[in-house]
Protein chains: 2
Amino acid sequence: MARRSDHSRDEIREMALAAAAAIVEKEGSRKLTARSVAGAIGYTVGTLYLVFRNLDDLVLHLNARTLDELHQWLQARVESSAEPRRQLQGLAEAYIDYAVCHTARWNLLFDSVAGDDSELPDWYLARLGKVFGLIESALTPLVAQQGQEAVVQAARVLWASVHGICTLKIRHRLDLAGGQSTGEMAAMLIDNFLEGFTKTG
Amino acid sequence: MARRSDHSRDEIREMALAAAAAIVEKEGSRKLTARSVAGAIGYTVGTLYLVFRNLDDLVLHLNARTLDELHQWLQARVESSAEPRRQLQGLAEAYIDYAVCHTARWNLLFDSVAGDDSELPDWYLARLGKVFGLIESALTPLVAQQGQEAVVQAARVLWASVHGICTLKIRHRLDLAGGQSTGEMAAMLIDNFLEGFTKTG
DNA sequence: ACCTGAACACCGTTCAAGT
DNA sequence: ACCTGAACACCGTTCAAGT
């Protein structure tokens, strides 16, 4: 045994992350274990710790990939020719769609796992920033006259809100009597927020 | 051993839930295990399974208590004499405060644990409904003329949104450059949403 | 140098056996 | 009837030892 050198460190990382994504997607995040990932790529657990600090580190890297995928998903679905309001609604719908289609991976993105209080690394925050960038772009034509800071702040508030609607729905915290659909809720939010924001400023 | 009958089933449940809450609060949700709870109340693991279906079931009951506590917390902090907008801002601030002061228990409330797709039991949804009721009450004077359904819908959208802001902040998903505080974000959300909602309807 | 696999200290859950 | 504690099938993580 030992000294196989079949794959470089980077190749092993790549294989591990691909296997981890497949396991989460097919079997749920509870089946994502060091042993299941190692087994899926034909290595032993020890090898995983040569390439990731620990399982939380692996999950963080998987989440970074999920964010990249989400960014592409959103970009592919928003028509940049549409009017700004329609673009924002489209982004919200696409965001919700992603969560519905890839629930397990999307949930993993927001689970309170690794270090509650510790801050996320810069390379991870950069990915989050890219997603927020899409919202800012769509929002800019509507609120640009209020300054760049207003765009950024409005984008955050709006997106955190859409996220809240999405997460409570996906996790069944809105299964109370007489509920609207997630799409309707997002539409109501965006319409009314923009109504207020563009008028008062 | 065996046949102690020191405590009734209900007493054991009570002790277990109190111990679980203390463990989560002091050591974090990762330390919440069947063995740690059993140890804390002076029983063995087996006993816990006489009283809860499994650990997810224990967590669900703990979460129900957390919701009760949150409901009391919100009720205690909102001045019912204040004007409706101020009441809503107060509720948002109190909600965020609870999350900040009891982060681990609050996180447990929204982690995607037990059965992703399975619905929550009615007695749990009833507790969620009570919390939403506080928002509805504060919102009623502002949008009552638009009908009861509008109140319910607006309350949900508004609260899911405040929740989104809170959760992304607590879980460090908004640690990007130039961020406002959670309170400012919630204020911006509520002000603008209400502005739109009360004018257009 | 690279990888193994056994070991350590844990998990959730069950259930025969004790009183 | 009530509770135990040992057992089962797992965990994350480490690290001496093999090639």
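Residues numbered from 1 in each chain as written. Chains lettered and ligands numbered in written order. Predicted model: local features only at pLDDT ≥ 70, side-chain atom pairs only at ≥ 80, totals over all residues. Heavy atoms only, no water.

**Considering the overall build of chain A**
Argument step 1. Counting its secondary structure elements, chain A contains 9 helices and 0 strands.
Argument step 2. Starting at the N terminus, the α and β elements of chain A follow one another as α-α-α-α-α-α-α-α-α.
Argument step 3. Looking at chain A as a whole, 53% of its 201 residues are labelled buried.
Argument step 4. Excluding contacts between residues fewer than 6 apart, the proportion of contacts in chain A whose partners are at least 24 apart in sequence is 69%.
Argument step 5. Accessible area for chain A stands at about 9200 Å²; split by element, carbon and sulfur atoms hold 50% of it. (Helix = DSSP H or I, 4+ residues; strand = E, 2+ residues; numbered from the N terminus. Buried < 20%, exposed > 50% of the residue type's maximum accessible area, 1.4 Å probe, protein only. Contact = heavy atoms within 4.5 Å. Areas by Shrake-Rupley, 256 points an atom, 1.4 Å probe, with all protein chains shown as cover.)

**What to know about the side chain of A:D111**
Argument step 1. The topology assignment puts A:D111 in the loop between α6 (103-110) and α7 (122-143).
Argument step 2. Excluding anything up to four places from it in sequence, A:D111 contacts A:R171, B:D111, B:S112, B:R171 and B:R173.

**A short note on the domain arrangement of chain A**
How big an interface is tends to be expressed through the accessible area that disappears when the partners come together.
Residues and elements named next belong to chain A.
Argument step 1. Taken domain by domain, chain A holds domain 1 (1-52) and domain 2 (60-199).
Argument step 2. Using C-alpha coordinates to define each centre, domain 1 is positioned 31 Å away from domain 2.
Argument step 3. On the side of domain 2, 8 residues touch domain 1, which itself brings 11 residues to the contact.
Argument step 4. Across the interface of domain 1 and domain 2, roughly 820 Å² is buried in total on both sides, 63% from carbon and sulfur atoms.
Argument step 5. On the domain 1 side of the interface with domain 2, the three residues burying the most area are L17, V24 and E25, jointly 53% of the side's total.
Argument step 6. The partner of R65 in a salt bridge is E14, with the nearest N and O atoms 2.7 Å apart.
Argument step 7. Our enumeration of links across domain 1 and domain 2 arrives at 3 residue pairs in polar contact (both at pLDDT 80 or more).
Argument step 8. Of the residues that constitute the side of domain 1 that touches domain 2, the class distribution is 6 nonpolar, 2 polar and 3 charged. (Domains from an automatic or database assignment. Buried area = accessible area lost by both parts, 1.4 Å probe. Salt bridge = Lys/Arg side-chain N within 4 Å of Asp/Glu carboxyl O. Polar contact = N/O pair within 3.5 Å; in protein donor to acceptor, adjacent residues only side chain to side chain. Nonpolar A, V, L, I, M, F, W, Y, C, P; charged D, E, K, R; others polar.)

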